[in-house]
Amino acid sequence: MTDTIAPTIKTSRLLLWLPLIIGAIGALLLLEYMRETVVFRVENAAFGRETSRFMPTGEGQNQCADASDSAKCIGVWHKAGDPPAVIWFGNSQLEGINRFKPGDLNAPELLHRALGARGKYVVTYSQPNANLTEEAIIWAAIQPVYRPRLLILPVCYDDIRELGVRDTVGDMLDDPKVSARLKRAPYWAQIASAVGEAMKQNAPLKAETHLSLQNRTEAAATGFLSHHWSLWSDRANMRGILGFAVHGLRNEVLGIHSTSKRPVDPSVLVNRLTLLDGMIAEARADGAQVLLYAPPYRQDIDGPYLADDYHVFKAQLAAIAKKHGAHFVDIDPIVPGPEWATVTDDVFGFQEPDFMHFTAAGHQRLAAHIDGAARRMGY
């Protein structure tokens, strides 16, 4: 007699797994479709479709981001004969050129050429949404190398709320001299927790753990998949794209736009200004003059800043600069409305006014104002 019950049970079990299998296959196909059609580098997401990232490379590389490319900038500077260095920190505003055309240059390149004619060498370190903690880490890593005569430091009101340390900046903490220098800094209390977390994430595995069968197996599997499966090798970027898509869709549903008012938490502001005070004090003690500035901010549209709070913020920047014998310039109105960008996101095509990026003409204005301030400081 044929047993019909066992095959029925096996079929039922298979049917239970079927939705999971179909869902997994569907998810993989969707991810592969996204990788082929909407994939972009997450670090460039803030620029939108109309703004292009400008950064010289190769023999002329004098614009960097973090530990990922700092050695290249240092090498090019050494090759130039170690001329007197000027360090310019910044965010994506320094990199992005809206409606880019061949031959367009960004403000750092324009300033590099202008000061180069006067025997100075401008090196830029910028990251999208750069924050002061990250810039403090970078300063601790590069100051002993370049020993710059001038530090140009914008403080963007919108970036005050940025508090984390990205991996490519945290990698600079692998040098014990950098972490030791930070612990001696006057602003250590303001960055200790963030730096400690970054150091923990970068800490090497113990030898016995690193040599365990599990770690060797996982490393081998990851290497094999990365080499043979493009979706796997792009997984970190794809994860970022999905996060970006969820964030953009949430904002659209909730009616949150680039013009929506975004107050800064007062306790965060106090912490960041205390950090800024310590950074400028340290730079001055290191023998560098400091040019502090409030970066260009779009004026033709009512933007995300609360006007009264922003006015007080700029007064606080000026007071900190005066306290340490630094120079402060307020250049937020220098770029007219037609030279600003529109952000069109790469996933859904949503459009928003851009309050951060502008055209090559705007970069010329920014470079000219910073150059003028540098001249007044003797550069």
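The structure we're discussing is the one just above.
Residues numbered from 1 in each chain as written. Predicted model: local features only at pLDDT ≥ 70, side-chain atom pairs only at ≥ 80, totals over all residues. Heavy atoms only, no water.

A. The sheet that holds strand β1 (residues 51–53), seen in detail. As summarised here, the arrangement of the four strands in space is β1-β4-β10-β9, forming an open sheet in which the pairing is mixed. At either margin of the open sheet sits one strand with a lone partner, and together these are β1 and β9 (340–344). The sheet shows a mean angle of 45° between the axes of neighbouring strands, taken without regard to direction. Two strands pair when backbone bridges link them, and β1 and strand β4 (residues 96–98) are joined in this way by three bridges, in the antiparallel orientation. Counterpart to T51 in the pairing with β4 is N98. (Pairing = 2+ DSSP bridges. Helix = DSSP H or I, 4+ residues; strand = E, 2+ residues; numbered from the N terminus. Axes fitted to C-alpha atoms, helices over the stretch in contact; angles between N-to-C directions.)

B. Structural detail: the packing of aromatic side chains. Applying the stated criterion to the full structure yields twelve aromatic pairs. When the ring of F89 is compared with that of W139, the centres are 6.5 Å apart and the planes differ by 75°; the resulting orientation is edge-to-face. Here F89, found in strand β3 (residues 85–90), pairs with W139, found in helix α5 (residues 132–146); they are 50 residues apart in sequence, far enough to count as distant. Accessibility classification places F89 together with W139 in one group, the buried group. Centroid distance Y125 to Y146: 6.3 Å. Interplanar angle 75°. Geometry classified as edge-to-face. A residue pair is termed long-range when its members are at least 10 positions apart, and Y125 in strand β5 (residues 121–126) and Y146 in helix α5 qualify at 21 residues. (Phe/Tyr/Trp six-rings, centres within 6.5 Å; stacked < 30°, edge-to-face > 60°. Buried < 20%, exposed > 50% of the residue type's maximum accessible area, 1.4 Å probe, protein only.)

C. Focus on the state of the cysteines. Counted by the stated rule, this structure contains one disulfide. Shown here is the disulfide that connects C64 with C73, its sulfur atoms set 1.9 Å apart. The S-S bond linking C64 to C73 shows a torsion near 110°; that makes this disulfide right-handed. Both residues of the pair, C64 and C73, belong to the buried class. (Disulfide = S-S within 2.5 Å.)

D. Looking closely at the nonpolar core. Residues F89, Y125, Y146, L182, L276 and F313 are the most contacted members of the largest nonpolar core, which totals 60 residues. Apart from the residues lying within four places of it in its own chain, the contact partners of L276 are L132, L153, V155, L292, L317 and I320. One finds L94, Y293, F358 and L366 within the second-largest nonpolar core, a separate group that totals 24 residues. (Core = buried A, V, L, I, M, F, W, Y, C linked by side-chain atoms within 4.5 Å. Contact = heavy atoms within 4.5 Å.)

E. Inspection of helix α2 (residues 70–79) at higher detail. S70, C73, I74, V76 and W77 are the residues of α2 that are buried. Buried residues along α2 cover an arc of 160° about the axis, so they all sit on one side. When the buried face of α2 is taken as reference, the exposed residues oriented beyond 90 degrees from it are A71, K72 and K79. Of the surrounding elements, those touching the buried residues of α2 are β2 (63–64), β3, β5 and α5. Where α2 terminates, the next one or two residues include G81, which has phi positive at roughly 100°. (Arc of directions from axis to C-beta.)

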